[in-house]
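This is what each chain is made of:
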Amino acid sequence: SVIQTRPQWLLRSQPLLDIEKIKGFKSVTQQQIIRFWLKLQRLPIPGRVLLEKIFVEVIHARVDANPLLCWPGCELRRYRGLLCASRPQPKTLPISGVYWNWLHNPHCVHQQLGDLYVKGAAELDVTCADLPNEALEVRTRECIDPSLKISIAGRVGSKSLKRWLQEFGVPPWLRDQVPFIFFQDKMIAAPNLWVCTEFVAKNNDGYQMSWDRVIYS
């Protein structure tokens, strides 16, 4: 299919366009596909000049580039061979020192980050965390020591946060929005992504952590 999804990249069910598959169509059809795809997401449809820019500046940009094309109400990016369109993303502020008393409030609402949840183990294929009976700290990437090495359940080796985010396919424009859960300066988890090895629950008898990020519309 020309339209794909990548929920594992924290993009939920957001429709993405496969660039190589688009190239297999005639020019007029390519433009029709892009218009249809943007309309599907209720995003502003570009005129002829902007459509040409999508092909020149985004689709055919250098392989090592991270192109971004903006017009009122829309931002268009290319990532790992796919086109991604969204409403303009506001600049996020670094977050640290936000404490979450999960025992009394398993649903945490944060204006910038969105919703964080803790619930008992239910899904067999989800790695659960062994959580301390104390408040947890929520941080974003900019407030985490870049030299910190992290070991993740189900993965080999100890790597930096930057390396893990790349390995998990998290798009660059979302990496400053991801909440990381800490306890006493040790990372417990990145909800929806991983649980750190030290905090994996034995026999999976622990808690699932999840995150619903803010979607700007």
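Calculation criteria
Residues numbered from 1 in each chain as written. Predicted model: local features only at pLDDT ≥ 70, side-chain atom pairs only at ≥ 80, totals over all residues. Heavy atoms only, no water. Buried < 20%, exposed > 50% of the residue type's maximum accessible area, 1.4 Å probe, protein only. Helix = DSSP H or I, 4+ residues; strand = E, 2+ residues; numbered from the N terminus. Pairing = 2+ DSSP bridges. Axes fitted to C-alpha atoms, helices over the stretch in contact; angles between N-to-C directions. Core = buried A, V, L, I, M, F, W, Y, C linked by side-chain atoms within 4.5 Å. Contact = heavy atoms within 4.5 Å. Expected span 1.5 Å × (residues − 1). Arc of directions from axis to C-beta.

A. View of the pairing of strand β9 (residues 136-139). Residues of β9 alternate between two faces, with Leu136 and Val138 on one and Glu137 and Arg139 on the opposite face, all of them buried. Two elements, strand β6 (residues 98-100) and β9, share 3 bridges in a ladder whose sense is antiparallel. What sits directly across from valine 98, in β9, is valine 138. Here 3 bridges tie β9 to strand β12 (residues 180-183), and the two strands are oriented antiparallel to one another. Its bridge partner being in β12, valine 138 is matched across the sheet by isoleucine 181.

B. Inspection of the sheet that holds strand β15 (residues 207-213) at higher detail. Strands sit in the order β7-β8-β15 across an open sheet of 3 strands; the sheet is antiparallel. Of all strands in the sheet, those with a lone pairing partner are β7 (107-110) and β15, marking the two edges. Taking the axes of each pair of neighbouring strands and ignoring which way they run, one obtains an average angle of 15° across the sheet. For strand β8 (residues 114-120) and β15, the ladder comprises 7 bridges, and the chain directions are antiparallel.

C. View of the nonpolar core. Judged by nonpolar contacts, the single largest core of 44 residues is most densely connected at Trp100, Phe180, Met187, Ile188, Leu193 and Trp194. At the level of secondary structure, the elements contributing two or more residues to this core comprise β5 (82-86), β8, β9, α4 (161-167), β12, β13 (186-190), β14 (194-195) and β15. Discounting chain neighbours no more than four positions away, the residues touching tryptophan 100 are Asn105, Pro106, Cys108, Leu116, Tyr117, Val118, Ala135, Leu136, Val138, Ile181 and Met209. Leu17, Ile33, Trp37 and Ile54 belong to the second largest nonpolar core, which has 20 residues in total.

D. Layout of helix α3 (residues 48-59). The terminal C-alpha atoms of α3 lie 16 Å apart, and with 12 residues this matches the ideal 16 Å at 1.5 Å per residue to within 8%. Among all positions in α3, only Leu51, Ile54, Phe55, Val58 and Ile59 are buried. Buried residues of α3, seen end-on, are gathered within an arc of 115° and therefore sit on one face of the element. Projecting away from the buried face of α3 at angles above 90 degrees are the exposed residues Val49 and Val56. Contacts made by the buried residues of α3 are with α1 (19-22), α2 (27-40), β3 (68-71), β4 (74-79) and β5.

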